[in-house]
Amino acid sequence: MPNRPEKHPGMIFRSEQPLNAEPPMELLRQSFTTPAELFFVRNHGSIPEIDADRYRLSIGGMVQRELRLSLDEIREQFPRSTVTATLQCAGNRRQDLMEVAPIPGEVAWSAGAIGTAEWRGTPLREVLQAAGVEPGALHAAFTGLDEVEMENQAFGFGGSIPIEKAMSPEVVLAYEMNGEPLTPEHGAPLRVVAPGYIGARSVKWLANIVLQAEPSSNYYQTHAYKIFPPQVDEETADWEKGLMLGELSVNAVICRPTYEEAVSAGPVPVQGYAITGGERSVERVDVSTDGGETWTTADLQEGNDPWAWRLWETLVDLSPGRYEIVARAWDSAANTQPELAEQVWNFKGYMDNSWHRIEVSCTG
Ligand code: MTE
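Keep in mind that what you see is a predicted model, and the values were worked out from it rather than measured. (Residues numbered from 1 in each chain as written. Predicted model: local features only at pLDDT ≥ 70, side-chain atom pairs only at ≥ 80, totals over all residues. Heavy atoms only, no water.)

Colleague: Would you explain the environment of Pro162 in this entry?
Modeller: Secondary-structure assignment places Pro162 in strand 11 (residues 158-162). Overall, the relative accessible area of 24% leaves Pro162 in the partly exposed class. It is 9.7 Å that separates the C-alpha atoms of Pro162 and Gln212, two residues lying 50 residues apart in sequence. With residues up to four places along the chain from it excluded, the contact list for Pro162 reads Leu138, His139 and Tyr197. (Helix = DSSP H or I, 4+ residues; strand = E, 2+ residues; numbered from the N terminus. Buried < 20%, exposed > 50% of the residue type's maximum accessible area, 1.4 Å probe, protein only. Contact = heavy atoms within 4.5 Å.)

Colleague: What is the right way to read the state of the cysteines from this model?
Modeller: A covalent bond between the sulfur atoms of two cysteines is what we call a disulfide. Inspection of every chain in the model, using the stated rule, returns zero disulfides. Here Cys89 stays unpaired: no disulfide links it, and the sulfur of Cys255, its closest cysteine neighbor, is 17 Å away. (Disulfide = S-S within 2.5 Å.)

Colleague: I'm lost on the sheet that holds strand 2 (residues 20-22) in this one. Help?
Modeller: One key point about sheets: their strands pair by backbone hydrogen bonds, in either a parallel or an antiparallel sense. The strand order 1-2-3 describes an open sheet built from three strands, whose pairing is antiparallel. Taken across any chain shown, the strands that pair with only one partner, and hence form the sheet edges, are strand 1 (12-15) and strand 3 (41-42). Looking at chain direction, strand 1 and strand 2 are connected through three bridges and run antiparallel. Across the sheet, residue Ser15 finds its bridge partner in strand 2, namely Asn20. (Pairing = 2+ DSSP bridges.)

Colleague: Mind showing me how you'd approach the environment of Arg94 here?
Modeller: Tracing the backbone through its elements, the reader meets Arg94 in helix 3 (residues 94-100). It is 9.7 Å that separates the C-alpha atoms of Arg94 and Ala113, two residues lying 19 residues apart in sequence. Among residues more than four places away in sequence, those in contact with Arg94 are Ile103, Glu106, Val107, Trp109, Ser110, Lys348, Gly349 and Tyr350. Engagement of the side chain of Arg94 in a polar contact is seen with the backbone oxygen of Val107, the distance being 2.8 Å. (Polar contact = N/O pair within 3.5 Å; in protein donor to acceptor, adjacent residues only side chain to side chain.)

Colleague: What's the story with the pairing of strand 8 (residues 139-144) in this structure? I'm lost.
Modeller: Both faces of the sheet carry side chains from a regular strand, because those side chains alternate between them. Buried residues dominate strand 8, accounting for five of its six residues. Both strand 8 and strand 11 contribute to a ladder of five bridges, which runs antiparallel. Paired with Phe142 across the bridge in strand 11 is Gly159.

Here it is as structure tokens:
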């Protein structure tokens, strides 16, 4: 496996081992579906080498019959479906939280740990129904074939989703992304895609699915991807008490202009993306150039993909000077975003959905 997958030359590599990369904002906002070469990569361990011919997916736990399926069996014996879905890492926008207070040991994501793709595969529920879901099964737990090293132990990355989500048609076991076979860094030969949930639940290089009464006991479910109050840190955290992340929160990001860009006076186009979680939809995006005193309603790009982001744009009238442009979204539950990063800071740096702010200078 080459160290660096084939990615766009503009990609920003946040770390090499494990490999973590995100696109710059202006490239991310170029298209509704994100080309694979611009799709962010979030790994906790190394990218495993998997022989697709020998690959088997096992399904066990609280099922009526255990299954072991080859890729051909998954492709040929189960219905196929395609879902256009956005994946967003819970650590997206961590950089803004890092400006509030240090967050050591975590990836310093800007706002590019997000992407939208057409995922083709088999609905997870088809495979679960074939195995027969036992009544007490409340969670579907996934483990990957990668090896994460921690305290001299190596284990596969894992996580779980509630059984109702697992049985919803949008959750797929994907083998294709944007009409091409999945690439190694995105989870080939098979990955989970759980739309509306934090990216961590979309387990790549899927080895097994276990139905169980409790959420996954994997480190990435029991420790990482939990939110704690601001006064709690690594030393004082009671891992039992953290808020276990699942559905995404509402978030809007400005992609253009970019940070510190020089723009010309007059109508200035402002463009970005917005996303929310669960079954909610983005309903409105507001943009302000006076710190939230007054707001312009942005135009949401037409689209009927319930599991994908909404791209938006508007024009703001600027005269020469320096500005902070701010954006915030509202979703169908009337959730909106907190004003300040300070209000959502947590020591792991997850779920920053404070108003997104960029600074520009405007010349005459
Ligand atoms: N699956 C495995 N096996 N190992 C991982 O490190 N990272 C998760 C998830 N699935 C991960 C994984 C996280 S945190 C995210 S945000 C998404 O994969 C990122 O998917 P991508 O790299 O295809 O963008």
